[in-house]
Amino acid sequence: GDITEEQLDGTIIKTYEVTVKPFHQSRVIESYDTLKQFENNTKTKIDEITVICREGDQHPEVENGEKTVYLGKLQYNEITYQFIEINSWILGQLNRLTPDARVAFYMKLNDYIDDPNTSEQVKRIWQRLHQP
């Protein structure tokens, strides 16, 4: 996954895939294959991936979603993919942070966006967000 939450001892609590591209069947298969390879190498069992994406980018066969924050789930073999709307997820995560932590996050995000390897599209969107 793109992000993992871990306990202090390194045990993985939650795994996330974050995307602003469609997460359709080919992405599910790629994710699944990567996960199985990770499990074989580390002997760590993961049975759920949370996919953070835009509404409309979730797999077309997701079930039981509210079409607001929780977009639904997809079962692929033994892995459950939970789809969460990205903008609401980001706001929720920022709300969990202390004010100082939000400032630190913003500064790190700004450094990432300033990096020469960051996509020009991301840089344009960031600049547009900061225009009055």
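Quick note: structure is the one above.
Attention in this report is confined to the structure presented alongside it. Computed from a predicted structure; not experimentally measured.

**Observations regarding the sheet that holds strand β3 (residues 48–53)**
For step 1, the next point in the chain: If you walk across this open sheet you meet the five strands as β1-β2-β3-β5-β4, and the pairing is mixed. Single-partner strands in this sheet number two, and they are β1 (3–6) and β4 (70–76). Between one strand and the next, the sheet's axes are offset by a mean angle of 25°, whatever the strand orientation.
For step 2, the next point in the chain: Relative to strand β5 (residues 79–85), β4 runs antiparallel, the two sharing six bridges.

**Some points on the pairing of β1**
Side-chain positions along a regular strand alternate between the two faces of the sheet.
For step 1, the next point in the chain: Two strands pair when backbone bridges link them, and β1 and strand β2 (residues 12–18) are joined in this way by four bridges, in the antiparallel orientation. Paired with Glu-5 across the strands is Lys-14, a residue of β2.

**Topic: the packing of aromatic side chains**
For step 1, the next point in the chain: Overall, the coordinates contain five aromatic pairs when judged by the stated rule.
For step 2, the next point in the chain: Ring pairs connect the aromatic residues Phe-23, Tyr-81 and Phe-83, which therefore count as one cluster.

**Some words on helix α1 (residues 25–42)**
Every α-helical turn comprises 3.6 residues, leaving residues that sit three or four positions apart pointing alike.
For step 1, the next point in the chain: Relative to the 26 Å expected for 18 residues at 1.5 Å per residue, α1 spans 25 Å between its end C-alpha atoms, a close match to the ideal helical length.
For step 2, the next point in the chain: Among the residues of α1, Val-28, Ser-31, Tyr-32, Leu-35, Lys-36 and Glu-39 are the ones counted as buried. For α1, the buried positions fall inside an angular range of 135° around the axis, keeping them on one side. For α1, exposure combined with an orientation more than 90 degrees from the buried face picks out Ser-26, Glu-30, Gln-37, Asn-40 and Asn-41.
For step 3, the next point in the chain: Summarising the contacts, the buried residues of α1 are in contact with β2, β3, β4 and β5.
For step 4, the next point in the chain: Directly beyond the C-terminal end of α1, a positive phi value near 60° is found at Lys-43.

**Points about the environment of Pro-60**
For step 1, the next point in the chain: Inspection of the secondary structure puts Pro-60 in the loop between β3 and β4.
For step 2, the next point in the chain: As for Pro-60 and Leu-74, which are separated by 14 residues in sequence, their C-alpha atoms are 9.2 Å apart.

**As for the pattern of salt bridges**
Side chains that carry opposite charge are capable of pairing whenever their charged atoms lie near each other.
For step 1, the next point in the chain: For the structure shown, the criterion picks out four salt bridges.
For step 2, the next point in the chain: For Glu-48, the salt bridge goes to Lys-14, with nearest N and O atoms at 3.4 Å. Residue Glu-48 is located in strand β3, and its partner Lys-14 is located in strand β2; the two are separated by 34 residues in the primary sequence.
For step 3, the next point in the chain: Its relative accessible area of 28% is what places Lys-14 among the partly exposed residues.
For step 4, the next point in the chain: The salt bridge involving Lys-36 is made with Glu-78; its shortest N-O contact spans 2.6 Å. One end of the pair, Lys-36, is in helix α1; the other, Glu-78, is in the loop between β4 and β5, and 42 residues separate them in sequence.
For step 5, the next point in the chain: On the basis of relative accessible area, Lys-36 is assigned to the buried category, the value being 19%.

What counts, and at which threshold
Residues numbered from 1 in each chain as written. Predicted model: local features only at pLDDT ≥ 70, side-chain atom pairs only at ≥ 80, totals over all residues. Heavy atoms only, no water. Pairing = 2+ DSSP bridges. Helix = DSSP H or I, 4+ residues; strand = E, 2+ residues; numbered from the N terminus. Axes fitted to C-alpha atoms, helices over the stretch in contact; angles between N-to-C directions. Phe/Tyr/Trp six-rings, centres within 6.5 Å; stacked < 30°, edge-to-face > 60°. Expected span 1.5 Å × (residues − 1). Buried < 20%, exposed > 50% of the residue type's maximum accessible area, 1.4 Å probe, protein only. Arc of directions from axis to C-beta. Contact = heavy atoms within 4.5 Å. Salt bridge = Lys/Arg side-chain N within 4 Å of Asp/Glu carboxyl O.

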